[in-house]
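Here is how the chains run, residue by residue.
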Amino acid sequence: MLAGIQTQPIVRRMLGKLALTLFAAATAFAAPAQAEDITVWSWRQEDKAAYAKLIAAFRKHHPDINVKFEAFEAANYNTVLSTALAGGTGPDIVQARSYGTLGVGKPDYLVPIDKAMIPELANFPASALAAETMRADGKLYAVPLASQTMLIIYNKELFEKAGVTPPNTWDELVSVSKALKDKGINPFGNGTATAWQNETLVGALLSSQIGAQFEQDVLAGKADFTDPRFVGALTKLNEIKEYFAPNFSGVDYAASQQLFAAGRAAMFAGGSFEIANFLRQNPKLKLGLFPSPVAKAGDPKLVALYYDGGYAINAASKKREAALKFLRFIGTPEFGTAFSNELQNISPITGVAFENPLLKEVATLNQSAMSYIMLVNFRYQEPTGSVLLQSGVQKMLAGKATPAEIGAEITKGIATYYAPFKK
């Protein structure tokens, strides 16, 4: 009896603990798994609202993954990112640059990827994948994000007012520019005070003059930048500078944009990325596009094309599996279509449906393209081809150097690391 009385409290305590254990187990089984958080870093602060929608679309497929999009000022992004990566920190997913070192310096900071990990890479052209391949080791590290096209954007209403139509040849471009100026209309909004805009002028205005064969010859070691095709194209640019923005050497990028967006210039030599910006500033603009004018009728019309960034996995991330799922989503036509139509930008993914007729036109022009030559081929060691071209064109247009001198300077600078130029 005494033994029975003594054991009852013990049994009750044991049964109570067992009930609590079973209840906890049942509750844990019934509760949804806690969502995993991953972070994405970007230099595109202006894209935050669009990415909220893109991330919401991703979460329909992966409700167990929260994605935090953090954007930094573009000018500071490389410094912020490289500092974090060097310290073994940073985001789970990195928006990387294109070409050369992808803006991160060395391969150790990122996770190499391939089609076994991300089958969606099959949706991209080989040239897009090459853009996100590290030159140091030849491995692919990022899923490509966008392509950009260098061309001429024009104001249809100002063309109509001046009674001109988009030119096909260089001589026609000169005639159109003169007719616009005679009507009191600034032909081009472009200025040259911002260095990188000088490279833009070359890509947008001179690609058809330079030609895809010249690029191939340079890469094959059969030509350099003293070639008559390149020097001759620079000569054409020097001849048309009188039609740029008034006092163009003191006009920076922001002022150039404002001049065109306000309807005070008829043409803008720039990138396809300008389309959304111009329409955001002035939704009433009626815009048209045309490629670099040719030397003579019948020559192939070309635009200059490059790929603009991609997304990679930080090697220090402890959430690689979740990050990989996001990268796979970025490679789908669903993402590409939403990205293009939300941000008015060209996705290189096969099967994208563009709503904006201007983007459709850019995609068509891209079928006849050469590379944006310096960025794509010579922006991986110092002095970069871009810096050499930008400073050279700036001097040339200011009357401080000849086209031939610029070609020689560019060749000499690149020869410090490019074997075919070492003679």
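This text follows the structure it describes.
Quantities reported herein were computed from a predicted structural model and do not represent experimental measurements. (Residues numbered from 1 in each chain as written. Predicted model: local features only at pLDDT ≥ 70, side-chain atom pairs only at ≥ 80, totals over all residues. Heavy atoms only, no water.)

Any chance you could break down helix α2 (residues 48-61) for me, citing the residues and the numbers?
Compared with the 20 Å implied by 1.5 Å per residue over 14 residues, the 20 Å span of α2 between its first and last C-alpha is a close match. Considered for burial, the residues of α2 that qualify are A50, Y51, L54, I55, A57 and F58. Along the axis of α2, the buried residues cluster in a sector spanning 155°; they form a single face. Opposite its buried face, α2 presents the exposed residues A49, K53 and K60, each directed more than 90 degrees away. On its buried face, α2 is in contact with β2 (65-71), β10 (310-313), α12 (320-330) and α13 (333-343). (Helix = DSSP H or I, 4+ residues; strand = E, 2+ residues; numbered from the N terminus. Expected span 1.5 Å × (residues − 1). Buried < 20%, exposed > 50% of the residue type's maximum accessible area, 1.4 Å probe, protein only. Arc of directions from axis to C-beta. Contact = heavy atoms within 4.5 Å.)

Help me get a handle on the pairing of β2, residues and values and all.
A one-sided burial pattern is seen for β2, the buried positions being I65, V67, F69 and A71 and the unburied ones N66, K68 and E70. Relative to β2, strand β1 (residues 36-42) runs parallel, the two sharing seven bridges. Across the sheet, the residue bridging to D37 is N66, located in β2. For the crossover from β1 across α2 to β2, the handedness is right-handed. (Pairing = 2+ DSSP bridges. Right-handed = clockwise from strand over helix to strand, strands pointing away.)

Quick rundown of the pattern of salt bridges? Include the residues and the values.
Note on pairing: side chains with opposite charge can pair once their charged atoms come close. Scanning the model with the defined rule gives twelve salt bridges in all. For R44, the salt bridge goes to D47, with nearest N and O atoms at 2.8 Å. Here R44 falls in the partly exposed class, since its relative accessible area comes to 26%. E342 is the salt-bridge partner of K53, the closest N and O atoms lying 3.6 Å from each other. One end of the pair, K53, is in helix α2; the other, E342, is in helix α13, and 289 residues separate them in sequence. Residue K53 is classed as exposed on the basis of its relative accessible area, which comes to 52%. For E342, a relative accessible area of 36% gives the class partly exposed. When salt bridges with common partners are traced through the structure, they connect R44, E46 and D47 into a single cluster. (Salt bridge = Lys/Arg side-chain N within 4 Å of Asp/Glu carboxyl O.)

Give me the lowdown on the sheet that holds β10, citing residues and values where you can.
Overall, mixed pairing links the five strands, which are arranged β2-β1-β3-β10-β4 in an open sheet. With one partner strand each, in any of the chains shown, β2 and β4 (143-144) form the two edges of the open sheet. Against the sheet, α12 makes contact with β1, β2, β3 (93-96), β4 and β10, and its axis sits at roughly 160° relative to β10, the strand it touches most. (Axes fitted to C-alpha atoms, helices over the stretch in contact; angles between N-to-C directions.)

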